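# Examining the three-dimensional arrangement
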Amino acid sequence: MAQFTTTISGIQLHFVWERSDNSHAIPLLLLHGWPGSYFEFYKLIPMLKATGRYHIVAPSLPGYGWSSAATERGMGVTAIAGIMDSLMSQLGYRRYLAQGGDWGAIISRALGLYHPDSCAGIHLNMCLARPCMTNPWHLAQVLNVWLAPSLPLTISVEEVQGVQAMRHFERDESGYQNIQGTKPQTLAYALTDSPVGLAAWLLEKARTWSDCGGTPDNALSKDEILTNIAIYWFSGRIASSMRLYKETLGNKAEMQALLGPYCKTPTGVAIFPRELYRPPKAWAKAIYNVQLWSQMPQGGHFAAWEQPALLAQEITKFADLAAAKGWLA
């Protein structure tokens, strides 16, 4: 993978840049999350490149991997989205598509909300959407899940399972969010000091969040997991990567501005069966301009890493839609 650095808003930004010889190729921005890195895309990028249809840009987020960390407060999702948009502009791309999961999905949403003149469409493999309790249909779906989950009348069986999975995640699996969103620096000292501690913190997420049946090797190889851990260890970026939780989750105004409004930018969603957030389509359509919605047969939170071929197919479907409807014009 061809790798470069540039400086934007005081951040030395590392990025992969694979260009196509096709003059009509679509600029595609790939965005990772936590506890991942640009390495999540190492299998996906060659698949997309082989089609000749894309100019691919896959940065390390500020404070992650080989990108530098912010030296002042305020480097939340909105600020990072601005940096990503500036990167695409600097590379000469007037209009582009963005794709992401985890934080990458939220940054993609921010690009769609705040930079619609340049971001022509967003494709997500994690879709954050909650029910609007003043919407009668949403309320009926919530009550269906709570009171009669085995009798899906207003919601599909898959959607019942998705809502139950979201409730389980928020109740039983979100402790890391609480500490990283409130006291990340305290945890950072321990993880920066101990490679075993860092490996344990990241490996647990690979096991819990992937579609592996409890055995990480079923989804990701040891070499892949260790490579990602090594990027965090040798870059020393675990502290700054966790800081994104504090900067964003700790800013209620930013979170409301990010997740509340309707995003008019055309959106594609691929729901993988072991993804952490799998909302009903009706909830997503209330805050996204959903143009493509796909239920995937297998895969978990790390879609690009676990199921690159399936994700490549979905990205191509979305790119075909963008071309047919002229979103990139």
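These numbers were taken from a predicted model, which means no experiment stands behind them. (Residues numbered from 1 in each chain as written. Predicted model: local features only at pLDDT ≥ 70, side-chain atom pairs only at ≥ 80, totals over all residues. Heavy atoms only, no water.)

Each helix and strand in the protein was counted, giving 14 helices and eight strands. The C-alpha radius of gyration of the protein comes to 19 Å, within 12% of the 20 Å expected for a compact globule of 329 residues. Along the first, second and third principal axes, the C-alpha set of the protein runs to 55 × 50 × 40 Å. Buried residues in the protein amount to 56% of all 329 residues. A sequence separation of at least 24 residues applies to 74% of the contacts in the protein between residues at least 6 apart. (Helix = DSSP H or I, 4+ residues; strand = E, 2+ residues; numbered from the N terminus. Rg over C-alpha atoms; globule rule 2.2 N^0.38 Å. Buried < 20%, exposed > 50% of the residue type's maximum accessible area, 1.4 Å probe, protein only. Contact = heavy atoms within 4.5 Å.)

Within a sheet, each strand pairs with its neighbour through backbone hydrogen bonds, oriented either parallel or antiparallel. With respect to topology, eight strands assemble into an open sheet ordered β1-β2-β4-β3-β5-β6-β7-β8, the strand pairing being mixed. For this open sheet the edge positions go to β1 (3-8) and β8 (288-295), each flanked by a neighbour on one side alone. Along the sheet, successive strands turn relative to each other by an average axial angle of 25 degrees, direction set aside. Examined bridge by bridge, strand β5 (residues 96-100) and strand β6 (residues 119-124) share five bridges and lie parallel to one another. (Pairing = 2+ DSSP bridges. Axes fitted to C-alpha atoms, helices over the stretch in contact; angles between N-to-C directions.)

For the rest of this paragraph, the subject is the pairing of strand β2 (residues 11-18). Of all eight residues making up β2, seven are buried, and the element is well covered by its neighbours. As paired strands, β2 and strand β4 (residues 54-59) are joined by four bridges and run antiparallel to one another. Opposite F15, over in β4, you have P59 as the bridge partner.

Turning our attention to helix α4 (residues 136-147). Turn by turn, an α-helix covers 3.6 residues, leaving residues three or four places apart pointing in a common direction. Taking 1.5 Å per residue as the helical rise, α4 with its twelve residues ought to reach 16 Å, and the 16 Å between its terminal C-alpha atoms agrees with that figure. All of the buried residues in α4 are H138, Q141, V142, N144 and V145. Along α4, the residues classed as buried sweep out an arc of 160 degrees about the axis, all on the same side. Turned more than 90 degrees away from the buried face of α4 sit P136, W146 and L147, all of them exposed. In this fold, the buried residues of α4 make contact with α5 (157-172) and α12 (281-285). Put simply, N135 is the residue that caps the front of α4, since its side-chain oxygen is 2.9 Å from the backbone nitrogen of W137. (Expected span 1.5 Å × (residues − 1). Arc of directions from axis to C-beta. Polar contact = N/O pair within 3.5 Å; in protein donor to acceptor, adjacent residues only side chain to side chain.)

The next thing to look at is the packing of aromatic side chains. One pass over the full model with this rule turns up 19 aromatic pairs. Consider the rings of W34 and W209, whose centres lie 6.5 Å apart with planes at 70 degrees: the pair is edge-to-face. Separated by 175 residues along the polypeptide, W34 in the loop between β3 (26-31) and α1 (44-51) and W209 in helix α8 (residues 195-209) bring together distant segments of the chain. For W209, a relative accessible area of 1% translates into the label buried. Summarising the aromatic geometry, the rings of F169 and Y176 are spaced 6.4 Å apart at their centres and angled 55 degrees between planes, so their arrangement reads as tilted. (Phe/Tyr/Trp six-rings, centres within 6.5 Å; stacked < 30°, edge-to-face > 60°.)

So, on to helix α2 (residues 77-90). Taking 1.5 Å per residue, 14 residues should reach 20 Å; α2 reaches 20 Å between its end C-alpha atoms and fits that length. Turning to α2, its buried residues are V77, I80, A81, I83, M84, D85, L87 and M88.

Before going further, it helps to spend a moment on the pattern of salt bridges. Tallied over the full model, the rule gives nine salt bridges. Note that R171 is salt-bridged to D172, the shortest N-O span being 3.1 Å. A residue is classified by how much of its surface remains accessible, and D172, at 42% relative accessible area, is partly exposed. Residues E204 and K205 are paired through a salt bridge, measuring 2.6 Å at the closest nitrogen-oxygen approach. E204 gets classed as partly exposed once you look at its relative accessible area, which sits at 30%. Classification of K205 by relative accessible area gives buried; the value is 6%. (Salt bridge = Lys/Arg side-chain N within 4 Å of Asp/Glu carboxyl O.)

Axis separation between helix α7 (residues 184-193) and α8 bottoms out at 5 Å; the angle between their running directions is 115 degrees. When the axis of α7 is compared with that of α8, the two are roughly perpendicular. Residues L187, L191 and D193 of α7 touch α8, and the partners they reach there are P195, G197, L198 and W201. The residue makeup of the contact of α7 with α8, split by class, is five nonpolar, one polar and one charged. (Parallel < 35°, antiparallel > 145°, perpendicular 65-115°, else oblique. Nonpolar A, V, L, I, M, F, W, Y, C, P; charged D, E, K, R; others polar.)

Here the focus is the side chain of Q141. Note that Q141 resides in helix α4. When sequence neighbours within four positions are dropped, the list of residues in contact with Q141 reads T154, I155, E159, P280, A282 and W283.

We now examine the environment of M84. By secondary structure assignment, the location of M84 is in helix α2. Given the relative accessible area of 0%, M84 is considered buried. Each C-alpha atom of the pair M84 and V57 lies 9.9 Å from the other, and the pair is 27 residues apart in sequence. Those residues in contact with M84 that sit more than four places away from it in its chain are L13, L29, L31, P59, L61, P62, I107 and L111.

Of note, E173 is situated in the loop between α5 and α6 (175-182). The exposure class of E173 is partly exposed, given its relative accessible area of 23%. Spatially, the C-alpha atom of E173 lies 35 Å from that of Q3, the residues being 170 residues apart in sequence. Sequence-distant contacts of E173, defined by excluding residues within four places in its chain, comprise H168, E204 and T208.

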